[in-house]
Amino acid sequence: MKNTSHINPLENEAIYIFREVAAQFEKPVLLFSGGKDSITLVRLAQKAFWPAKIPFPLMHIDTGHNFPETIAFRDKLVKELGVELIVRNVQDAIDQGKVKEESGKYSSRNSLQTTTLLDAIEEFKFDACIGGARRDEEKARAKERIFSVRDDFGQWDEKNQRPELFDMLNGQIELGQNVRVFPISNWTELDVWSYIEKEEIEIPSIYFAHKRKIFLRDGLIWSHSDYVYQEDNEEVLERMVRFRTVGDMSCTAAVFSDAADIASVVQEIRDSSISERGARIDDKRSEAAMEKRKQQGYF
């Protein structure tokens, strides 16, 4: 294992943030996708409140188009930890006419999560939603704070951000507002993987190389699935792939890989010249795709 001494200060900072959330907010929730970043958040929350249980629920905004391996892992982890899991479904918002299902070549339910998330925040009156955004993930992230305020419509104003001096975190909010909290906002993808390796954290098998049916489009590796639009002339192949990021199946591309364990994944990321977001198909819609979604209330 490479030197991971820099991980300790990052872990300490994240634990401090979790404890500040518990101290400053009445109804926090941890947004959980079953991906490596939210799994890392769960481990950090465990450490922050040990030997007590995590003192807030986990919430998954389920698109209905998730990787089966991720959902199976989610349910297994929640059972082992004995924590509350709240699931709210995008399909319900579609059925109620609140959002419209996309169609065509690049259709995805990823952006449709926003309405379901905002409805869930209102339903449970959550005042702090803890997410796994990192500093290297996407350039809009650099404009956010650790405590990132959303207005009473769930929207984010990137031009009106509070200063965060040193480690002073201001959780004061007005009636109707809520805060998105990012305990690992100073981490990189490599930091997360190094922490997973150091802590020996179990993660879904989808992150490791495995044979999978895929097809190629626009230089990306797409999953062959009923959830993913595919042209008749796009050939189905079976190849060794893994996923660097896990989201809706229709917007998450794979990478060719032989990395079958955590040490191999860490080395692969060290050697990679392509960012993790290069495998997020929905980010390619426009340069400001993520920022626009965040302004509307996205994670």
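See above for the structure.
Residues numbered from 1 in each chain as written. Predicted model: local features only at pLDDT ≥ 70, side-chain atom pairs only at ≥ 80, totals over all residues. Heavy atoms only, no water.

**A few points about the sheet that holds strand β2 (residues 58–62)**
Formally: The criterion for strand pairing is that DSSP finds at least two bridges linking the strands in question. Secondary structure counts use DSSP, requiring at least four H or I residues in a row for a helix and at least two E residues in a row for a strand, with both numbered from the N terminus. For helices, the fitted axis covers only the stretch in contact; all axes are lines through C-alpha atoms, and the angles between them, taken along N-to-C directions, range from 0 to 180 degrees.
Judged by pairing direction, the sheet is mixed, and its 6 strands sit side by side in the order β3-β2-β1-β4-β6-β5 without closing on themselves. Every interior strand has two partners, whereas the edge strands, β3 (85–89) and β5 (147–150), have only one. Within this sheet the neighbouring strands show an average axis-to-axis angle of 30°, counted without direction. Here strand β4 (residues 128–130) pairs with strand β6 (residues 178–181) via 3 bridges, running parallel.

**Remarks on the packing of helix α2 (residues 36–49) against helix α6 (residues 189–199)**
Using the following cut-off: Our angle categories are set so that under 35 degrees counts as roughly parallel, over 145 as roughly antiparallel, 65 to 115 as roughly perpendicular, and the remainder as oblique. Handedness of a crossing is defined here by the sense of rotation of the near helix relative to the far one, left-handed for an anticlockwise turn of less than a right angle and right-handed for a clockwise turn. Contact between two residues is taken to exist if any of their heavy atoms lie within 4.5 Å; hydrogens are not considered. The residue classification treats Ala, Val, Leu, Ile, Met, Phe, Trp, Tyr, Cys and Pro as nonpolar and Asp, Glu, Lys and Arg as charged. All others, Gly included, are polar.
Packing of α2 against α6 brings their axes to within 10 Å, and their N-to-C directions diverge by 55°. Relative to α6, the element α2 lies oblique. Considering the relative orientation of α2 and α6, their crossing is left-handed. Touching K36, D37, T40, R43, L44 and K47 of α2 are E189, V192, W193, Y195, I196 and E199, all from α6. Here the contact of α2 with α6 is composed, by residue class, of 5 nonpolar, 1 polar and 6 charged.

**Focus on the environment of P57**
The condition that has to hold: Here's how the labels work: a residue is buried when its accessible area is under 20% of the maximum for its type, exposed when over 50%, partly exposed in between, all with a 1.4 Å probe on protein chains only.
Inspection of the secondary structure puts P57 in the loop between α2 and β2. On the basis of relative accessibility, which here comes to 13%, the residue P57 falls in the buried class. P57 sits 21 residues away from V78 along the chain, and the two C-alpha atoms are 9.9 Å apart. Apart from the residues lying within four places of it in its own chain, the contact partners of P57 are P28, V29, L30, E84, I86 and F126.

**Considerations on the side chain of R109**
To keep things clear, this is the line we draw: Polar contacts, as counted here, are pairs of nitrogen or oxygen atoms within 3.5 Å of one another; within protein the pair requires one atom able to donate a hydrogen and one able to accept it, and residues that are adjacent in sequence qualify only if both atoms are side-chain atoms.
Following the sequence through the fold, R109 ends up in the loop between α4 (90–95) and α5 (113–124). Side-chain polar atoms of R109 contact the side chain of E101, separated by 2.7 Å. Beyond its immediate stretch of four places on either side in the chain, R109 contacts T63, G64, H65, V90, Q91, I94, E101, D248 and S250.

**Focus: the nonpolar core**
Just so we agree on the cut-off: Here the nonpolar core consists of buried residues drawn from Ala, Val, Leu, Ile, Met, Phe, Trp, Tyr and Cys, with membership extended through side-chain atoms lying within 4.5 Å. Boundaries between domains were set according to an automatic or database domain assignment.
Core analysis: the largest hydrophobic core is formed by 61 residues, its most contacted members being F18, L30 and W193. Of the residues that make up this core, three or more belong to each of domain 1 (9–191 + 288–295) and domain 2 (206–281). In this view, W193 contacts K36, I203, Y207, R242, I262, V265, V266 and I269; residues no more than four positions away in its chain are not counted. L31, I94, I121 and C129 belong to the second-largest nonpolar core, a separate cluster that totals 16 residues.

**Describing the sheet that holds strand β8 (residues 220–223)**
Here we have 4 strands laid out as an open sheet, ordered β8-β7-β9-β10, and antiparallel in their pairing. Of all the strands in the sheet, just β8 and β10 (255–256) have a single pairing partner and so form its edges. Across 5 bridges, the pairing between strand β7 (residues 210–217) and strand β9 (residues 237–242) is antiparallel. When the bridges of β9 are listed, K213 appears paired with E238.

**Some thoughts on the pairing of β6**
Neither face of β6 is left uncovered, since the one carrying N178 and R180 and the one carrying V179 and V181 both have all their residues buried. Where β5 meets β6, 4 bridges bridge the pair, whose relative direction is antiparallel. Bridged to F147 within β6 is V181.

Bear in mind that shape data such as this cannot, by itself, settle questions of function.
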